[in-house]
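# Remarks on the overall topology
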Amino acid sequence: MISCDVFGLGNKTYEHYNSVAIYVDKRLEELGATRIYELGLGDDDANIEDDFITWKEKFWPTVCEKFNIESTGEEELSRQFTLVKHAAGELAPNEIFTGEIARLHSLQNQRPPFDSKNPFLAQIKVNRELHKGGDRSCLHIELDISDSKMKYEAGDHVAVYPINDSGLVDRLGELLNTDLDEVFSLINTDLESTKKHPFPCPTSYRTALSHYLEITAIPRTHILRELAEYCTDEEDKKKLLLMSTNSQEGKALYQSFVADACRNIVHILEDIKSCKPPLDHICELLPRLQPRYYSISSSPKLHPETVHVTAVVVKYKTATGRVNKGVTTTWLADNKPEPGKPLPRVPVFIRKSQFRLPLQPQTPVLMVGPGTGLAPFRGFLQERSVARAAGKPVGDTILYFGCRHRDQDYIYREELEEYEKNGDVTLHVAFSRDQPEKIYVTHLLENNLDQIWDLIGKRNGHFYICGDAKNMAVDVRNIVVRAIREKGGRTEAEAAQFIKKLESMKKYSADVWS
């Protein structure tokens, strides 16, 4: 008889929350397996690590009892990787990783096919500001992919590998009194593991912190538990240990000191002054720096050799008075083409999407994309405009867009108004802060339930949403269900079933993030 247990990783803002874990748990039971402890479900929209720790604290004693394992109740800390220092001159420069994702020299000697392990160094041909006022920034970026053999379709995503802020990297070296240009390797203590290193090695500390590690992420509690061992001040140690526990007091302190204050590893080492871990252990503990995905805001029908990106530059002040910046958008904002200089380059690859226009251009579409949620719909509009110009019959194209102010952050305004003038689109635009009462795209949709039902219920149209998953996408979905119910004469259950059928047929599509 097989004994097993399942813990799932999910996010409640998405409809099919932890559905794979629930299915696997149920299927294992059907096949005769014995469940040791109840199914665990982690919610990344809240605190997935907290969910796991709470589950694990009950799961582990149950395992010990079932299999007669003696548990001391104490967690033993051990390093997974061994540090190897490389003396100056020990390795030739061409043996040291300098930011490559997988293969040495892959950024210097570019060879297709290009993917997540082998990104293409695309030139930034255009990098301009879209906002015309206010204190926020939104970039329009055009990436040259003409030499890559990469193909894309409207609705796909482009992945960008960023570089961490050099000031934060230098600050880490300063706090831990480490020569960042020293070359090292971290080697797995488990010789049978397929993962020999946590990131490409050998490399320098500067490269690891710049290219391979998430130094701006909020550290999870297990990192604080490890850091506690390097405190020389007992109060500092107690504080870190408390925050790494599952107690109510520890959770509250972690929430206020780390999560709410948005402290990254640099901020924690600055504020817990007696904590001086070796930098190689920090490199072992921090997660890998991940590529950032952006909905492509162009169509290959109009721009076959460039990929366009529309991105808000992330920058905000924290409760501690520090200014935190988005890793990728800050880096991109600093890489603008300059006359007389080589064009800046950025490592990218294309990720295919299911977010697609109907195969038949005469099919009507309704798109909801406030803010940078407009990005994929700009590509859709380009595609349908090209089809119309070629004499093809094109169905109704309806766009709901929203921003704060007409004269500040109405991105691509001239393009959209030109499309409307040419009959390529019907625009519904909400400016949330141009009047005393806030008006959002959801308000405009609520006033047009007849239009929604006519398109999806009578004319076989497609409905699209792009943007915030947590609030906007949920509200829009509820409005569509209401239109099906009130204008389509369906019951609540029938309306829910109707929209699920639309989703299964790819007639209701969402490209959302939380």
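This text goes with the structure placed above it.
Residues numbered from 1 in each chain as written. Predicted model: local features only at pLDDT ≥ 70, side-chain atom pairs only at ≥ 80, totals over all residues. Heavy atoms only, no water.

### Overview of the pairing of strand 16 (residues 365-368)
Residue alternation in strand 16 divides its side chains into two sets, Val365 and Met367 and Leu366 and Val368, and both sets are buried. In this sheet, strand 17 (residues 397-403) lies alongside strand 16 in parallel orientation, the contact comprising four bridges. Bridging from a neighbouring strand, Val365 pairs with Thr397 of strand 17. For the crossover that starts at strand 16, traverses helix 11 (residues 375-389) and ends in the parallel strand 17, the hand is right-handed. Of the strand pairs in this sheet, strand 16 and strand 19 (residues 462-468) are connected by four bridges, and their pairing is parallel. What sits directly across from Met367, in strand 19, is Tyr464. (Buried < 20%, exposed > 50% of the residue type's maximum accessible area, 1.4 Å probe, protein only. Helix = DSSP H or I, 4+ residues; strand = E, 2+ residues; numbered from the N terminus. Pairing = 2+ DSSP bridges. Right-handed = clockwise from strand over helix to strand, strands pointing away.)

### Focus: the layout of surface pockets
Estimated volume of the second largest pocket: approximately 870 Å³. Forming the walls of the second largest pocket are 24 residues, and the residues nearest its centre are Tyr14, Glu15, Glu503, Ala510 and Val512. Only helix 15 (472-488) and strand 20 (508-513) provide two or more residues apiece to the lining of the second largest pocket. With five residues, strand 20 is the largest single contributor of residues to the lining of the second largest pocket. Looking at the lining of the second largest pocket residue by residue, the classes come out as nine nonpolar, seven polar and eight charged. (1 Å grid on protein atoms, 1.4 Å probe; cavity = no way out; pocket = protein on both sides within 12 Å on 5 of 7 lines; lining within 4 Å. Points joined across faces, edges and corners; volume = space filled by probe spheres on them. Nonpolar A, V, L, I, M, F, W, Y, C, P; charged D, E, K, R; others polar.)

### Notes on the state of the cysteines
Following the criterion strictly, the structure yields zero disulfides and no others. The thiol sulfur of Cys4 is not disulfide-bonded, and the nearest other cysteine sulfur, from Cys64, lies at 17 Å. Free cysteine: Cys403, not disulfide-bonded; nearest cysteine sulfur from Cys138 at 11 Å. For Cys403, a relative accessible area of 9% puts it in the buried group. (Disulfide = S-S within 2.5 Å.)

That is the geometry; function is a separate question.
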